[in-house]
Amino acid sequence: ILYAGPRPSAWAEPGWRRVEAATLFAEADFVSLHCPLSPATHHMVDARVLATMKSTAILINTARGGCVDEAALGAAIAAGQIAGAGLDVFAAEPAIHPSLLASERVVLAPHAGSATRAARAKMAEICALAVRSVAAGERPPTALNPEVAGD
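Draft legend 1. Just the overall build of the chain, in detail. The helix and strand inventory of the chain stands at five helices and six strands. For the chain, the N- to C-terminal ordering of α and β elements is β-β-α-β-α-β-α-β-α-β-α. Expected size for 151 residues packed as a compact globule is a radius of gyration near 15 Å; at 19 Å, the chain overshoots this value by more than 25%. Along the three orthogonal principal directions, the C-alpha set of the chain runs to about 60 × 35 × 25 Å. Across the 151 residues in the chain, those meeting the buried criterion constitute 27%. Long-range contacts, defined here as pairs at least 24 residues apart, represent 52% of the contacts in the chain between residues at least 6 apart. Only carbon and sulfur atoms are counted for the fraction: they give 60% of the accessible area of the chain, which is about 9,700 Å². Taking the average location of the 12 positive side-chain charges in the chain and that of its 14 negative ones, the two points are 4 Å from each other.

This is the structure:
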């Protein structure tokens, strides 16, 4: 498993390799995006990057639609530059680029994995517990960066 990011992953397992983004795009069979949308990541996957990927590669974007140049992605898939894509986010939701809609090598899904009643109820419960913990002067049990608490 290859991964790219600004720092080593706390979840990396033995054998995983942290590489530059260019290496990841060129070598990976599946590229899955997990990044925020920012000026640095807007269209980070564009025609130039798609041209470096394997013709058998699959791009998966569950991050933010704007991270991928959808017109370039549709063209790359149509030209056989990459094998396909799986997307559940789109740059101009709810609109989807026509080339992606037309492709049989693109799987499109709504960005709604957490939209079940059970998931939303659990999210509300976790939030309420965190608020209660902070109000009591305690560290929230689900803090992503507990090191800032200083205790």
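Draft legend 2. Summary view of the pairing of strand S3 (residues 30-33). Where burial is concerned, the two faces of S3 differ: the one with Val31 and Leu33 is buried and the one with Phe30 and Ser32 is not. Two elements, S3 and strand S4 (residues 58-61), share four bridges in a ladder whose sense is parallel. Paired with Ser32 across the bridge in S4 is Ile60. For the crossover that starts at S3, traverses helix H2 (residues 47-52) and ends in the parallel S4, the hand is right-handed.

Draft legend 3. Expanded view of the sheet that holds S3. The four strands are arranged S3-S4-S5-S6 in an open sheet whose pairing can be described as parallel. Among the strands making up the open sheet, the edge pair consists of S3 and strand S6 (106-108). Looking at each pair of strands side by side, their axes are set apart by 10° on average, direction ignored. Relative to strand S5 (residues 84-87), S4 is paired through four bridges, and the arrangement is parallel. Within the sheet, the bridge partner assigned to Asn61 lies in S5 and is Leu87.

Draft legend 4. Up close: the pattern of salt bridges. Scanning the model with the defined rule gives three salt bridges in all. Among the ionic pairs, Glu27 bridges to Arg17, the shortest N-O distance being 3.1 Å. One end of the pair, Glu27, is in helix H1 (residues 21-27); the other, Arg17, is in strand S2 (residues 17-18), and 10 residues separate them in sequence. According to the relative accessible area criterion, Glu27 is partly exposed, its value standing at 37%. Taking the relative accessible area as the measure of exposure, Arg17 reaches 43% and is therefore partly exposed. With a shortest N-O distance of 2.8 Å, Asp29 and Lys54 are connected by a salt bridge. Of this pair, Asp29 sits in the loop between H1 and S3 while Lys54 sits in the loop between H2 and S4; the two residues are 25 residues apart in sequence, bridging distant segments of the chain.

Thresholds applied
- Residues numbered from 1 in each chain as written.
- Predicted model: local features only at pLDDT ≥ 70, side-chain atom pairs only at ≥ 80, totals over all residues.
- Heavy atoms only, no water.
- Helix = DSSP H or I, 4+ residues; strand = E, 2+ residues; numbered from the N terminus.
- Rg over C-alpha atoms; globule rule 2.2 N^0.38 Å.
- Buried < 20%, exposed > 50% of the residue type's maximum accessible area, 1.4 Å probe, protein only.
- Contact = heavy atoms within 4.5 Å.
- Areas by Shrake-Rupley, 256 points an atom, 1.4 Å probe, with all protein chains shown as cover.
- Lys, Arg positive; Asp, Glu negative; His and termini not counted.
- Charge placed at Lys NZ, Arg CZ, Asp CG, Glu CD.
- Pairing = 2+ DSSP bridges.
- Right-handed = clockwise from strand over helix to strand, strands pointing away.
- Axes fitted to C-alpha atoms, helices over the stretch in contact; angles between N-to-C directions.
- Salt bridge = Lys/Arg side-chain N within 4 Å of Asp/Glu carboxyl O.

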